[in-house]
Every structure is written in C-alpha cells, then in structure tokens.
Amino acid sequence: APAPAPTEKLLAFNAVSKSLADAVVVPAGYTASVLYALGDPLSSATPAFKNDGSDGSFEQRAGDHHDGMDWFGLSATGTPSTTAADRGLLAMNHEATTNEKLNSHFLHANGGTSTLPRPAAEVDKEVAVHGVSVVEVRKNAAGAWEYLAGSAFNNRFTALTEMEIAGPARGDALLVTKYSTTGTVTRGTLNNCGTGKTPWGTLLTGEENWAGYFTRATGDNAARGNDRSVTANNRYGNAEGVATRHGWESGGSEDRFARWNNAKTGSSTNGSDDYRNEMNGMGYMVEIDPYDKSKKAKKRSGLGRFAHESAAFSKPVAGQPLAAYMGDDSRNEYMYKFVSTALWDAADANAANRMAAGDKYLDAGKLYVAKFAADGTGQWLELSITTPAIAGYAKYAFANQADVLVNARLAADAVGATKMDRPEWCAVHPVTGEVYYTLTNNSNRRAEPSGSSQSAPDSANPRTYTDTKGASTQQLGNVHGHIVRLKDATPGATSFTWDVYLFGAEAGSAADVNLSGLTADRDFSSPDGVAFSAATGIFWIQTDDGAYTDVTNCMMLAALPGQVGDGGKKTITHARATGAALSVDTFIGKQPTADTLKRFLVGPVGSEITGLAETPDGKTLFVNIQHPGENTALANLADPAKYTSQWPSNAGYGAGKRPRSATIVITKNDGGRVGS
Ligand code: FEO
Ligand code: CA
Ligand code: CA
Ligand code: CA
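What counts and how
- Along every chain, residues carry numbers that run from 1 in the direction the sequence is written.
- Labels follow written order: the first chain is A, the first ligand is 1, and so on.
- With the structure being a predicted model, the display of local features is reserved for residues of pLDDT at least 70 and the display and counting of side-chain atom pairs for 80 or more, all residues being used for whole-chain, interface and lining totals.
- Only DSSP runs of H or I with at least four residues qualify as helices, and only runs of E with at least two residues qualify as strands; both kinds are numbered from the N terminus onward.
- The reference for a compact globule is 2.2 Å times residues^0.38; the radius of gyration itself is calculated from the C-alpha atoms.
- Any residue whose C-beta has 12 or fewer other C-beta atoms within 10 Å is treated as exposed, any with 20 or more as buried, and any in between as partly exposed, C-beta atoms being built from the backbone.
- The contact rule is simple: place each C-beta atom from the backbone, and if two of them lie within 7 Å, those residues are in contact.
- When DSSP finds two or more bridges between a pair of strands, those strands are recorded as paired.
- To define axes, lines are fitted to C-alpha atoms, for helices over the stretch in contact only, and angles between the resulting N-to-C directions are given on a 0 to 180 degree scale.
- In this description, one arc is meant: the one made by directions from the helix axis to the C-beta atoms.
- The score called pLDDT rates the predictor's confidence residue by residue, from a low of 0 to a high of 100.
- As used throughout, a nonpolar core is a set of buried Ala, Val, Leu, Ile, Met, Phe, Trp, Tyr and Cys residues joined through C-beta atoms within 7 Å of each other.

*Asks:* Before we move on, could you go through the overall build of the protein chain and cite the residues and values that matter?
*Replies:* Secondary structure summary: the protein chain contains 8 helices and 34 strands in total. The C-alpha atoms of the protein chain give a radius of gyration of 24 Å, which matches the 26 Å a tight globule of 676 residues would have. The dimensions of the protein chain, computed from C-alpha atoms along their principal axes, are 65 × 65 × 60 Å. Taken over 676 residues, the protein chain has a buried fraction of 56%. Considering only residue pairs separated by 6 or more positions, the protein chain has 65% of its internal contacts joining residues 24 or more positions apart.

Next up, the structure:
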C-alpha cells in the first residue's frame, strides 16, 4: 500500500547556525551518529582499524573519502526490498585520499613518501582505498543503527578490480590495451563522486577526476606522430609532461604500475602492446549490482565519457524511454542527457537479472548535451556521428559513434553546447519531474575574459563576483555557485525550459551578488551534492566550499522548491574596466523563505558534506562526511593537537586521532521523518 500522505509540517526544525566547530551539528531534536568510517573492516577476519598508518588489507575495509551513496533495502530474509526500512545495503563511493603532495599522509605510518619514486607498498595501499564499497547496515534490537562487518553482502571495488566495457565502445580500437587486446575489459574505477540509483535497483557510480592519475612523458606527442589521440588526451587533461597526482606510475615496472603511464612505447598500430589507450578505460558511469557479488561491474559507455558526477533518472513511465541526466564537473564543461532506446517496462523494476536490465536500458540510446538560450528555453543537441557538426569537425576527426562517446567533450565542443559553471550533481523532483543541477562555482567566469580558459557570463551562468573586501579589487568569478533547473516535457524531449532556482551567497552581501536574498539561517556557498527525498519531497543541498570556510564549515540545507518560472526575468549588469557594461538576461526562481529553505547540518573542520541515502519511510538519513582535516600538514602528522580536525575520534568513534571520512546516520528523536 502507498505510504499515507504527509501531514506534518516540513522544515519545522530550528535552523542550525553557521559553525566552525570540529563537530557535526544538527537541529535540536535530531541525533547524528557515526556509522561507518575509513578503514572499518568488511569481513570478520579483518583486524580492527588501528588508524595509525599501519593498517593494511584495504580490499577488505571501508575506503577513503566517502562520497555519493545509495540505499538498497533488504527484507528479513535478505532478498531485495523496496520497502524495507530497518535493513539494507549502502553502496558508496570512495573518491580519493587526503594528500599534501604525492602521498596520502594519513594512510601511512610516517606519512608516506612525498617524492618520486613511490614505494610499491604505498601505491598498492592507495589504489585499494579508492573505488566503491557495499556494506550491510541494520537497526539492531535496541533501535540503534550499526554496520555488519561480517555480512556476506559486503563488497569492495578498487582501482584495480576488473570491469567490463559495455555499450557502443566495447571492443572499439580506442579501448585496446596490453591488458585487453580485445578492448572489452579494463581495471578499476577511480575518483567516484556522485551516484545514481537505477529504476531496476542497481547503482551507477560516476568517475570524475581520473585524468589526474595518468601521465605521458614529454615527447609522447611526437611518438604518437601528433595523431588525433594527442588532441583527445589534451582535451581530457592528459597533456604530455604533466605529473600525476600520486605518482602511482613510479611504483615499479610491473603492469599494475606501468598502466598509469600512457606514453606510446610499443610498435603496434592498435595499442595492444602498451598503455597508450589506458585512460580511455576511465571516465564512465559504472553499473554495479550491490545485491549480487558474482556480477562484474560494467562501464556504460553509452552514457559518454567525461568527469561524471551523479546520474538522475526521469520518473519511469511505462511505454516511454528513460532519461538519465548527468553533469561534467570541470570549469566550462557541459550538462548531458542520455535517452534509452528501450521503452520502460514496469516489470523490470523487479528484474531478476538486474545487470541484464542495465544492458537493455543503458547500452542503446542517444546522448545529448545542453545548449541554453537567453529566452528561458534550451535545446538538447544529439551527439551522433551523423550530426553534421560532429562528422565534419575540423579539430578532431571522429571515427565512429564509439569515438563520439569516448570523446564526448570534443563532440560537445563541435555542436556548440553551453559552457557551464562546473556541473556537479543533478536530481529529479519527484512530483514535477524538473531536473536540478548544481553549478558549484567557476573561477574562470569573468566579465572581461582573458585567454581561452575564461568565459563571459551568459544567461544560465549569469554571475561573476568582484571582491571589494580586501585592499584591492579582485575579480573572482562565480565563487558561490548556483542551481539551475530545467523542465523536459517528456524524457526524450529535445527542447526544455529553465531558470536559476537558487544562487549561493553570503548573507548581507550586495543585492547583485546575493540574488536569492539569502539570510543568515540559509546562506551557503558552492552547492555540490543534491538529492530529493522520495518520502518527504525535501530537496537536500550539500556544499563543498572554498569561498565561505572563513565563516563556516560545509553544510547541508533542506529545501522545498517551487517550479521553473516561479520567479521572473532579471537583467544582471556587469561593469567592465574597459568598454561598455555587459548586460545579461536571466530567469531567477522565487526567493526562498524560512518555509522553503533552511540550514539543517554543518560538518566538522575541513570536511565536505556529500552523499545522501534514506530509508523509504523517510525516517533515517545517511550522509557522508568527506575529508575532515584535509588541510592538515604532513609535517604535523606526529602531533594530533595540530590536526585541523580530530573527527570522528572526538565524537567517540574508533581508535587513533587521525581524521577519517565517515558515514553518519541521522534520525529524529521523536521517531518522525527527517526534515520535519
Ligand atoms: Fe567530486 Fe565534483 O565533486
Ligand atoms: Ca563533490
Ligand atoms: Ca565539488
Ligand atoms: Ca571533496
């Protein structure tokens, strides 16, 4: 039976204040507890986490930098359940590690080696803390939530786990490597950021900043004959001579280290004798079946290759295609939509073979990119090898549709899509079906752009910011970010309407900066993770802030948004030092009130708030606290008093004082729904 309609007032809690405390702060009447942290054992044979840099076996422990996360319910007998609210699996991303230089200092006893070459053992440990974990959680007899170290469902995917290439790029020449001469498999998933839950009950995990893990030596452009692969590598951030984030390629001559070096060293014409194509195996939406450990993960190439965040599905309607909305989080990148060829069959919500349902809906379809117009409309432009602007693109000669998908950024350039202020997560409103995209910030949005990396404000990215607080006037771009929303009439629609739902800002800043009129109980900067509660309809907004951390740690807000067009048209005028002022027309959502936007949570020092999962009754919320203490210097590793954060040990969780990313569980003390 459907859940009874809500009768309680939502957002009735008292807003929490901005906070610099090294603690998770939630409203009066709520409790937040630590559930599952970096290093926690995922098998009964794995020793307890000592948290002093001596721990190993991360293939059997929680990874680092907990990020996007979804809930997969379990019945009392351990079968998949869409209604269970006291037992389930959390499938979550472990995006990265906290590092000062090359090393990930909290993971190593002495802080690790911060120069090249990196020792093999350190690299192996760092590779293993990346990826995805699946962990069983349940409410125990005393009513408290706990994770089960010994659950047979617990699972880990690391940056070395073998995965299938699925969809149009499977077997394509671009995926041929020494490891897979047929171009059908690759190893590992990296920098997993946002997630999405499919309508058939699997996890999609987005690979984001993977490019920083690969390198090509100076001279590789010439070794490749300056062919089009040089254009492709450069477009994705792997120009020759750029160092990697962790130096994993320096761990030794073995294949598991050599793969991170993409220089052409072999003599084959197809890349089957080296790792020149290895980076083409990263950058996908990866599908995982959290309920079935026997199933290999699949990289769904049909959804394009870029710095993926979340995937948000349109409401499934029988007989219609499914749409999956996605963002590419880099400055001046794009927003995408995948539309399935297969029409939705409601029976697939309970598919016995969930990965086969993934094959059905995700391997055939059309990929589109968004282009915004100044009149409040926009277009979804198809990325197809038959699109004239792509087939005839002068800067890169696409070979086939697989090439268009693997190099989706180049295809989107070719069709002239709108460059956005770093598209982070997106989410679909459960009632209106409108799609909300966070645009977290963009230091390269300038009223007077200089160089090719900067771009002028436009209707969908209408704000730049000039800092007049300090001694000099500084142009800083769109430092606080905004949330754009769009309405597709149907999942397959090729045009949409849009507005800017909300602008981040500091309360009290000028009206042309604080465009949504935020007050102290709801001001924020740099929206990032977003999710709608299916139970309450609350829109949860999480921040990953670089511009407001002098005043507050990152936070989560609860919102009850309206719909596209509920505000009105607004002209924003940008003064320019040379020439005439630049006027940009945009559309701004209705300004929020205490009934429609309120700060719910503030995290510990140095953390980002990210990932949100809930039980179907809306009474339990799981949220991730990512990289507390991230600015702790390597030189201070021996002195916990100098850590910028000691969370969660200062909240009574676990051994050692080194800060740890962790999942928290939030409940309302009176047993009500979270956010009421
Ligand atoms: Fe991993 Fe774009 O946040
Ligand atoms: Ca993030
Ligand atoms: Ca971010
Ligand atoms: Ca982060």
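Here the narrative resumes.
*Asks:* Break down the sheet that holds strand β31 (residues 597-602) for me, with residues and values.
*Replies:* Taken in spatial order, the 4 strands make up an open sheet running β26-β27-β28-β31, and their pairing is antiparallel. Two strands bound the open sheet, and with one partner strand each, they are β26 (527-532) and β31. Adjacent strand axes in the sheet meet at a mean angle of 25 degrees, parallel and antiparallel pairs treated alike. Of the strand pairs in this sheet, strand β27 (residues 539-543) and strand β28 (residues 555-559) are connected by 4 bridges, and their pairing is antiparallel. Bridging from a neighbouring strand, Ile541 pairs with Leu557 of β28.

*Asks:* Go over helix α5 (residues 354-362), please, and point to the residues and values.
*Replies:* Of all the residues in α5, the buried ones are Arg354, Met355, Ala357, Gly358, Tyr361 and Leu362. Along the long axis of α5, the arc covered by the buried residues comes to 150 degrees, so they all point the same way. The inward-facing, buried residues of α5 contact β11 (285-288), β12 (298-300), β14 (321-328) and β16 (335-343).

*Asks:* Describe the confidence of the model for the protein chain, with residues and values.
*Replies:* Summarising the model, the protein chain shows a mean pLDDT of 96, and 98% of its residues fall at 70 or more. For this predicted complex, the interface score ipTM comes out at 0.92, while the overall pTM is 0.98.

*Asks:* Quick one: what's the story with the nonpolar core, residue by residue and with numbers?
*Replies:* Counting residues in hydrophobic clusters, the biggest one holds 161 residues, and the most contacted among them are Leu90, Ala91, Ala324, Val369, Leu383 and Ala411. Once residues lying within four places of it in the same chain are set aside, the contact partners of Val369 are Tyr334, Tyr336, Leu381, Leu383, Ala412, Val415 and Ala417.

*Asks:* Would you mind going over unusual backbone geometry in detail, with residue names and values included?
*Replies:* Between Leu116 and Pro117 the backbone carries a cis peptide bond, its omega angle lying at 0 degrees. For Pro117, the position within the fold is in the loop between β3 (87-94) and α1 (120-129). The step from Trp647 to Pro648 runs through a cis peptide bond, and the omega angle for that step is 10 degrees. Structurally, the position occupied by Pro648 is in the loop between β33 (620-626) and β34 (662-668). For Ser57, which is not a glycine, the phi torsion comes out positive at approximately 55 degrees. For Ser57, the position within the fold is in the loop between β1 (30-37) and β2 (66-73).

*Asks:* I'd like a rundown of the pairing of β33, residues and numbers included.
*Replies:* With 7 of 7 residues buried, β33 is to be regarded as a mostly interior element. In this structure, strand β32 (residues 608-614) lies alongside β33, joined through 6 bridges in antiparallel fashion. Across the sheet, the residue bridging to Thr610 is Asn624, located in β33. Two successive antiparallel strands, β32 and β33, enclose a turn made up of 5 residues, where Gly618 displays a positive phi of approximately 75 degrees.

*Asks:* Talk me through the sheet that holds β12; I want residue IDs and the actual numbers.
*Replies:* Ordered in space as β8-β7-β12-β11-β10-β9, the 6 strands form an open sheet in which the pairing is mixed. Each edge of the open sheet is held by one strand with a lone partner, namely β8 (185-187) and β9 (192-197). Each neighbouring strand pair of the sheet contributes to a mean axis angle of 35 degrees, computed without reference to strand direction. Two strands pair when backbone bridges link them, and β11 and β12 are joined in this way by 3 bridges, in the antiparallel orientation. What sits directly across from Val286, in β12, is Lys299.

*Asks:* Describe the pairing of strand β7 (residues 162-166), and please don't skip the residues or the numbers.
*Replies:* Relative to β8, β7 is paired through 3 bridges, and the arrangement is antiparallel. By the bridge assignment, Glu164 is partnered in β8 with Val185. Relative to β12, β7 runs parallel, the two sharing 3 bridges. By the bridge assignment for β12, Ala166 is matched with Arg300.

*Asks:* Residues and numbers for the environment of Ala62, please.
*Replies:* In this structure, Ala62 sits in the loop between β1 and β2. Classification of Ala62 as buried rests on a count of 27 C-beta atoms within 10 Å. Measuring from C-alpha to C-alpha, the distance between Ala62 and Ala37 comes to 6.5 Å, with 25 residues separating the pair along the chain.

*Asks:* Would you mind going over helix α8 (residues 408-415) in detail, with residue names and values included?
*Replies:* With 7 of 8 residues buried, α8 lies mostly within the body of the structure. Along α8, the residues classified as buried are Ala408, Arg409, Leu410, Ala411, Ala412, Ala414 and Val415. The secondary structure elements touched by the buried residues of α8 are α3 (228-235), β15 (331-333), β17 (365-372), β18 (377-382), α6 (388-391) and α7 (401-406).

*Asks:* Before we move on, can you summarise the environment of Val132 with the specific residues and values?
*Replies:* Mapped onto the elements of the fold, Val132 is located in strand β4 (residues 131-139). Residue classification places Val132 among the buried positions, given that 27 C-beta atoms sit within 10 Å. Separated by 82 residues in sequence, Val132 and Lys50 place their C-alpha atoms 21 Å apart. Those residues within four positions of Val132 in sequence are excluded, and the remaining contacts are Ala91, Met92, Asn93, His94, Phe157, Thr189, Asn192, Thr205 and Ile288.

*Asks:* Talk me through the environment of Ala547; I want residue IDs and the actual numbers.
*Replies:* For Ala547, the position within the fold is in the loop between β27 and β28. Here the alpha-carbon distance between Ala547 and Arg138, two residues 409 residues apart in the chain, equals 38 Å. Discounting chain neighbours no more than four positions away, the residues touching Ala547 are Asn441, Val479, His480, Ser525 and Ser526.

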